[in-house]
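What follows is the residue order along each chain.
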Amino acid sequence: IAGITQAPTSQILAAGRRMTLRCTQDMRHNAMYWYRQDLGLGLRLIHYSNTAGTTGKGEVPDGYSVSRANTDDFPLTLASAVPSQTSVYFCASSDGGGDTQYFGPGTRLTVL
Amino acid sequence: TQLLEQSPQFLSIQEGENLTVYCNSSSVFSSLQWYRQEPGEGPVLLVTVVTGGEVKKLKRLTFQFGDARKDSSLHITAAQPGDTGLYLCAHRYGQNFVFGPGTRLSVLP
């Protein structure tokens, strides 16, 4: 069982470029999340999805969009990357009624 | 959003020492979680505490939820280099989760 996979592992991107971070889970969890992690700020929620077909905004949604076409996949798109979006991005999932979140290994993104 | 504060921010100790890290808030929580994140990996859930005053043990780690359910502590006995990592507390806020900034622990051999 793979759990949650994220791709790419790392990426260097020029400012203004479009980028999609991929996230796939094989646990059939209803809820999925995208976080960014910055030193001293902890994990901050970008967007979430409680079930396929629905999405919601988290604490820091500006400049990011998500879609949830099916249960397994939850891609995060940066339409026009800016240097302040340099961060480590984590995807997570949870069984909707439970308190446990399962995290992917992260994507390290650098925007120049 | 109910904010979580963690202290200390950084902690560097020698192998074999004991330590305690804290998670605090002005809000009351129905439950609180502790995660550990190792370098280059995502956080992994260690424990969830639910009842005020609850104490849970996981090998050398002891977790306590405050009586008023506003704070929690994690005590590590005889720390080992394998305990090195970022310790995060979190709580569920509606459908989402809110994380504290973490305590970065380094255990030196």
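Scroll up a little and you will see the structure.
For the structure given in this document, a descriptive report is provided here. Along each chain, the written sequence defines residue order, and numbers are assigned to residues from 1. Labels follow written order: the first chain is A, the first ligand is 1, and so on. Given that this is a predicted model, residues contribute local features only at a pLDDT of at least 70 and side-chain atom pairs are listed and counted only at 80 or more, while totals for whole chains, interfaces and linings are drawn from all residues. Hydrogens and water molecules were not included; the side-chain quantities draw on all heavy atoms of the structure.

It is worth spelling out the state of the cysteines at this point. Two cysteine sulfur atoms make up a disulfide if the distance between them is within 2.5 Å. Under the defined criterion, the tally for this structure stands at two disulfides over all chains. With its sulfur 1.9 Å from that of its partner, A:Cys23 forms a disulfide with A:Cys91. With the S-S dihedral at roughly -70 degrees, the linkage between A:Cys23 and A:Cys91 falls on the left-handed side. Highlighted residues: A:Cys23 in strand S3 (residues 19-25) and A:Cys91 in strand S9 (residues 87-94), separated in sequence by 68 residues. For the pair A:Cys23 and A:Cys91, one class covers both residues: buried. Between the sulfur of B:Cys23 and that of B:Cys89 lies a disulfide, 2.0 Å long from S to S. Between B:Cys23 and B:Cys89, the S-S dihedral sits near 75 degrees, and the bridge is therefore right-handed. Taken as a pair, B:Cys23 in strand S3 (residues 19-24) and B:Cys89 in strand S9 (residues 85-93) lie far apart in primary sequence, 66 residues in all. What counts as a helix is a DSSP run of H or I of at least four residues, what counts as a strand is a run of E of at least two, and both are numbered from the N terminus. We call a residue buried when its accessible area falls under 20% of the maximum for its residue type, exposed when it is over 50%, and partly exposed in between, using a 1.4 Å probe and counting protein chains only.

Further remarks concern the layout of surface pockets. Only protein atoms enter the calculation, which uses a 1 Å grid: trapped sets of points that fit a 1.4 Å probe without letting it out are cavities, open sets showing protein on both sides within 12 Å along at least five of seven lines are pockets, and any residue with an atom within 4 Å of a point is a lining residue. Grid points are joined across faces, edges and corners, and a volume is the space filled by probe spheres set on the points. In this structure, the largest pocket spans a volume of roughly 480 Å³. Lining the largest pocket are 24 residues; nearest its centre among them are A:Gln37, A:Val88, A:Arg108, B:Gln37 and B:Arg104. Among the secondary structure elements, those contributing two or more residues to the lining of the largest pocket are strand S4 (31-38), S9 and strand S11 (107-111) of chain A. Residues are grouped as follows: Ala, Val, Leu, Ile, Met, Phe, Trp, Tyr, Cys and Pro are nonpolar; Asp, Glu, Lys and Arg are charged; all remaining types, including Gly, are polar. Class assignment for the residues of the lining of the largest pocket results in eight nonpolar, eleven polar and five charged.

Attention shifts here to the pattern of salt bridges. All names here are of chain B. Any Lys or Arg side-chain nitrogen located within 4 Å of an Asp or Glu carboxyl oxygen qualifies as a salt bridge. Counted under the stated rule, the structure contains five salt bridges over all chains. In this structure, Arg-60 engages Asp-83 in a salt bridge whose closest nitrogen and oxygen atoms are separated by 2.9 Å. Of this pair, Arg-60 sits in the loop between strand S6 (55-58) and strand S7 (61-65) while Asp-83 sits in the loop between strand S8 (71-76) and S9, and the two are 23 residues apart along the sequence. For Arg-60, a relative accessible area of 25% corresponds to the partly exposed category. Judged by its relative accessible area of 3%, Asp-83 falls in the buried class.

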